[in-house]
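# A look at the structure
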Amino acid sequence: MSATLKTRRFTLRPARDTDAEFIALYLNDYAVAGNLARVPFPYRLSDARAWLRTLRDHVPPGEANFAIDLPGQGYAGHVGFHPGELGTVIGYWLGAPFWGQGLMTEAVTAATDWFFKSSGADRLYSGVFAFNQASLAIQKKLGFTQTGQSMLLCLARGREVEHIDTILTRAAWMERSK
Ligand SMILES: CC(C)(COP(=O)(O)OP(=O)(O)OC[C@H]1O[C@@H](n2cnc3c(N)ncnc32)[C@H](O)[C@@H]1OP(=O)(O)O)[C@@H](O)C(=O)NCCC(=O)NCCS
């Protein structure tokens, strides 16, 4: 499934080959890559191209990926779903020039709403490295709650980092959306 969603300020759309240079530009930033589990650092154009080649048009909601496309700007970041041990996991990042404007709250809200409407899933999993209070603030606003802590490998840091594990139930999302 490759959906396109409109939010108040931007579009969430499928990523495309021509996004590679922006992806490499924004992910080759330790302040971004170092907050993510599965992104190496340094991050090169070849990494972006290789990642784009893994994307498929027709995937279930739990494997969908969205590019954050700002008017007049283009590719600014990413929200994506992937299978985890317990169920679907949501992950996201935004290029540093765009931080602090509520953009990721808007993106994760739209993607989460789409996920629960498009899938039969009762739960959506996520989490943050323990130092990432901005991302935790986004998840708390959306209704995610902490389920525990774990150690998770951070590729960019080359070591395991303390991680806060979180969950959002469909019931909590429905309640919030009333
Ligand atoms: C974390 C990230 C997604 C935030 O994106 P953003 O668009 O700036 O986030 P928003 O503006 O929507 O919301 C951030 C919230 O965190 C709050 N916040 C920011 N810094 C904070 C801090 N140090 N402590 C507590 N809250 C903080 C903001 O006040 C805001 O909450 P509010 O809307 O209630 O005021 C972005 O900085 C990013 O991509 N970082 C690198 C990659 C990353 O961390 N991805 C998430 C991995 S779990």
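Scroll up to find the structure.
For the structure given in this document, a descriptive report is provided here. In this text, all values refer to a predicted model and were calculated from it rather than measured experimentally. (Residues numbered from 1 in each chain as written. Predicted model: local features only at pLDDT ≥ 70, side-chain atom pairs only at ≥ 80, totals over all residues. Heavy atoms only, no water.)

What follows deals with the packing of helix 4 (residues 103-118) against helix 6 (residues 170-177). The axes of two packed helices give the description: the angle between them and the distance between them. It is the contact of helix 4 with helix 6, at a shortest axis distance of 11 Å, that shows an interaxial angle of 120 degrees. In terms of their interaxial angle, helix 4 and helix 6 are classed as oblique. Where helix 4 crosses over helix 6, the handedness of that crossing is left-handed. Only R170, W173, R176 and S177 of helix 6 make contact with helix 4, whose side of the interface consists of T109, T112, D113 and F116. When grouped by side-chain class, the residues that make up the contact of helix 4 with helix 6 number two nonpolar, three polar and three charged. (Axes fitted to C-alpha atoms, helices over the stretch in contact; angles between N-to-C directions. Helix = DSSP H or I, 4+ residues; strand = E, 2+ residues; numbered from the N terminus. Parallel < 35°, antiparallel > 145°, perpendicular 65-115°, else oblique. Left-handed = near helix turned anticlockwise from the far one by under 90°. Contact = heavy atoms within 4.5 Å. Nonpolar A, V, L, I, M, F, W, Y, C, P; charged D, E, K, R; others polar.)

Here we take up the site of the ligand. Within the structure, the ligand sits among 23 residues, and L94, G100, T105, N132 and K141 are positioned closest to it. Between the ligand and the protein, one listed contact pairs a nitrogen atom with a backbone N or O atom of Y92 at 2.8 Å. Here an oxygen atom of the ligand sits 2.6 Å away from a polar atom, N or O, in the side chain of K141. For the ligand, whose accessible area on its own is 960 Å², the fraction buried by protein is 69%. If you list the elements that add at least two residues to the shell around the ligand, you get helix 2 (30-33), strand 5 (88-94), helix 4, strand 6 (123-129) and helix 5 (133-142). Per element, the largest residue contribution to the shell around the ligand is six residues, and it comes from helix 5. Here the shell around the ligand is composed, by residue class, of 13 nonpolar, nine polar and one charged. (Near = heavy atom within 4 Å. Polar contact = N/O pair within 3.5 Å; in protein donor to acceptor, adjacent residues only side chain to side chain. Areas by Shrake-Rupley, 256 points an atom, 1.4 Å probe, with all protein chains shown as cover.)

This part covers the nonpolar core. Among the nonpolar cores identified, the biggest contains 49 residues, and F66, I68, F81 and M104 are the most heavily contacted of them. Among the elements that take part in this core, helix 4 stands out by supplying nine residues, more than any other. (Core = buried A, V, L, I, M, F, W, Y, C linked by side-chain atoms within 4.5 Å. Buried < 20%, exposed > 50% of the residue type's maximum accessible area, 1.4 Å probe, protein only.)

Before going further, it helps to spend a moment on the pattern of salt bridges. Enumeration according to the criterion identifies six salt bridges in this entry. Among the salt bridges present, the one from R13 reaches D19, with a minimum N-O distance of 2.9 Å. No difference in accessibility class separates R13 from D19, as the two residues are buried. Across the pair D69 and R16 runs a salt bridge, and its minimum N-O distance is 3.8 Å. Of this pair, D69 sits in strand 3 (residues 65-70) while R16 sits in the loop between strand 2 (11-13) and helix 1 (20-27), and the two are 53 residues apart along the sequence. On the basis of relative accessibility, which here comes to 17%, the residue D69 falls in the buried class. Several salt bridges converge on common partners, so that one network encompasses R13, R16, D19 and D69. (Salt bridge = Lys/Arg side-chain N within 4 Å of Asp/Glu carboxyl O.)

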